[in-house]
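Single-letter residue listing:
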Amino acid sequence: MNNVCTMNAATNFVRNRTARVRREGVSPESMDEWKCNLYHRHMPLIRCAKCGQAYDVPGAIAVHLPDSVATCQCGEWLAGSKAAVLARLLNPEEIKEIDLRPYKVDHAEEAPAARVPLVAPGKPRSVRVVARSGGNSINRVFTIGPHPLWIGRKGCHVDLDEADLDIRHCSVALQGDQLVVRDADSHMGTFLDGQRIAEAALGEGVHVLRAGAALVSLEPTDEQGLPVQPTRLRTTEMVDESMLAKKIAQQKESADQPKRNILVCIDGPLSGQEFEIPPTGLIVGREGHVRVPDEFLSRKHFEVAPDPDGTVRVRDLGSRNGTFLNTLPAQNTKVHSGDEIKAGNNRFRIEQRA
C-alpha cells in the first residue's frame with residue numbers, strides 16, 4: 001500500500017510538471033536539467049560558511065557535485081565527497097573540478113530557518129523508513145521515544161553505504177508529539193521534500209529525504225516498530241583520513257616499483273624450481289630454456305614473455321597436447337600473478353616479486 005501511494009505521488013508530480021511545461025511554454029535547456037528539476041523543484045543556494053558567498057547552481061550541475069570537487073572563491077571547500085578530495089590529492093586528473101564562478105549570486109538574502117520549539121518528548125511515535133543502499137533495500141518501522149533515530153554512513157540505526165554521507169548525517173527525533181528531522185551539520189546537507197533544512201517538522205504522509213546522494217522515504221505511521229535505542233560508534237570504525245591518504249600513496253608507490261616475473265613449477269618433474277622470466281621470454285618444453293623431461297610435452301611447448309608495457313603473456317607454440325591457463329586453452333593470453341599454466345603433466349604458477 002505504501003509503495004502504491006509513493007508511486008502515485010511521483011506519477012502525479014511528473015504529470016503536473018509536464019502540464020506546466022506545455023502550458024507555460026517552458027523550454028528546459030537540457031533533458032538532464034529537466035529530470036533534475038523533477039526531484040529538486042527549488043534548488044537551494046550553496047553558501048560558503050567562511051565568506052558568505054552564495055552560488056545558484058543549476059540542477060544539471062548539482063547532481064555531479066558529490067563525485068567532484070568544488071571550492072569557493074575564498075578557497076573554502078564547498079562540495080565533493082571526502083574520498084574525491086583524497087583521490088584528487090593523489091591524482092588530480094581522475095577527479096573533475098567544477099568551476100562555480102559562473103553561478104555566483106551577488107545579492108542573496110538568506111531566509112531565516114524555521115525552528116521547531118524545543119519541548120520534551122511526548123508519547124512515542126513510529127515512522128516507516130524506506131531506502132536502498134549498496135544493492136540492499138531497507139523497509140522498516142521504527143518507534144521513536146526519548147532517543148533520536150540516526151541516519152548516516154556508519155554506527156546509525158539506518159546505515160547507508162554512500163561515500164558522501166557523514167558518519168552521522170541527520171536524525172529524526174520526537175519533540176512533544178511532533179516528529180522533527182534535524183541535519184547534524186553535514187557537509188552535503190539534508191533536504192526534506194526538495195528544501196534544504198537545519199530542522200523541520202515531519203507532517204503526515206510520505207516525505208522524501210535526501211541525505212547527500214541517498215534518497216530516503218519517511219512516513220509517520222501508527223504501526224508499532226523497532227524501539228529506537230541509543231547507538232554508539234566504535235572507535236575501531238573511525239578512519240584517520242591522513243593515514244588513509246598515506247596508505248593509498250604507499251600502495252601507489254609500491255605499484256610503480258618494477259616487479260620481477262617468476263615462473264614456478266608447482267607440479268611435475270621440476271616441481272619446486274623457479275625461473276625468472278627475462279625481457280626476451282622463456283620457452284618451456286622438452287627442449288628450450290626450461291627443459292622438462294615429460295613425454296606429453298612438445299619440444300617447444302609454450303612461451304611466457306612480457307610485452308613492452310610489462311604485461312606477461314603465455315603463448316602456445318603449436319604443441320600437440322595444448323597449453324591451458326587456469327583450465328582454459330591459452331593461445332596468446334595475458335597472465336596475472338597467481339595464474340596457473342598447465343602443460344602435459346606439469347603445472348606452473350606466475351608470481352610477481354619486488
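The structure we're discussing is the one just above.
Residues numbered from 1 in each chain as written. Predicted model: local features only at pLDDT ≥ 70, side-chain atom pairs only at ≥ 80, totals over all residues. Heavy atoms only, no water.

Caption draft 1: Spatial organisation of the overall build of the protein. Check the secondary structure of the protein and you find five helices and 28 strands. Within the span of the protein, comprising 354 residues, buried residues form 38% of the whole. Pairs at least 24 apart in sequence give 44% of the contacts found in the protein among residues at least 6 apart. Accessible area for the protein stands at about 20,900 Å²; split by element, carbon and sulfur atoms hold 50% of it. (Helix = DSSP H or I, 4+ residues; strand = E, 2+ residues; numbered from the N terminus. Buried < 20%, exposed > 50% of the residue type's maximum accessible area, 1.4 Å probe, protein only. Contact = heavy atoms within 4.5 Å. Areas by Shrake-Rupley, 256 points an atom, 1.4 Å probe, with all protein chains shown as cover.)

Caption draft 2: Layout of the packing of aromatic side chains. If you walk through the whole model with that rule in mind, you get one aromatic pair. Here the aromatic rings of F302 and F348 are separated by 5.8 Å at their centres, their planes lie at 65°, and the arrangement is edge-to-face. Of this pair, F302 sits in strand β22 (residues 302–306) while F348 is found in strand β28 (residues 346–353), placing the two residues 46 residues apart along the sequence. For the pair formed by F302 and F348, the shared burial category is buried. Over the ring of W150 we find R168; its NZ or CZ atom is 5.2 Å from the centre of that ring. (Phe/Tyr/Trp six-rings, centres within 6.5 Å; stacked < 30°, edge-to-face > 60°. Lys NZ or Arg CZ within 6 Å of the ring centre and 35° of its normal.)

Caption draft 3: Region of the structure containing a positive patch on the surface. Where like charges cluster on the molecular surface, the positive patch consists of R286, R299, K300 and R320. With respect to the helices and strands, K300 occurs in the loop between β21 (290–291) and β22. The class of K300 is partly exposed, set by a relative accessible area of 47%. (Patch = residues over 30% accessible without salt bridge, like charges linked within 9 Å, V, L, I, M, F, W, Y side chains within 5 Å. Salt bridge = Lys/Arg side-chain N within 4 Å of Asp/Glu carboxyl O. Lys, Arg positive; Asp, Glu negative; His and termini not counted. Charge placed at Lys NZ, Arg CZ, Asp CG, Glu CD.)

Caption draft 4: Fine view of the side chain of E303. Its place among the elements puts E303 in strand β22. Leaving out residues up to four positions away in the same chain, E303 has contacts with T280, L282, I283, R313, V314, R315 and L317.

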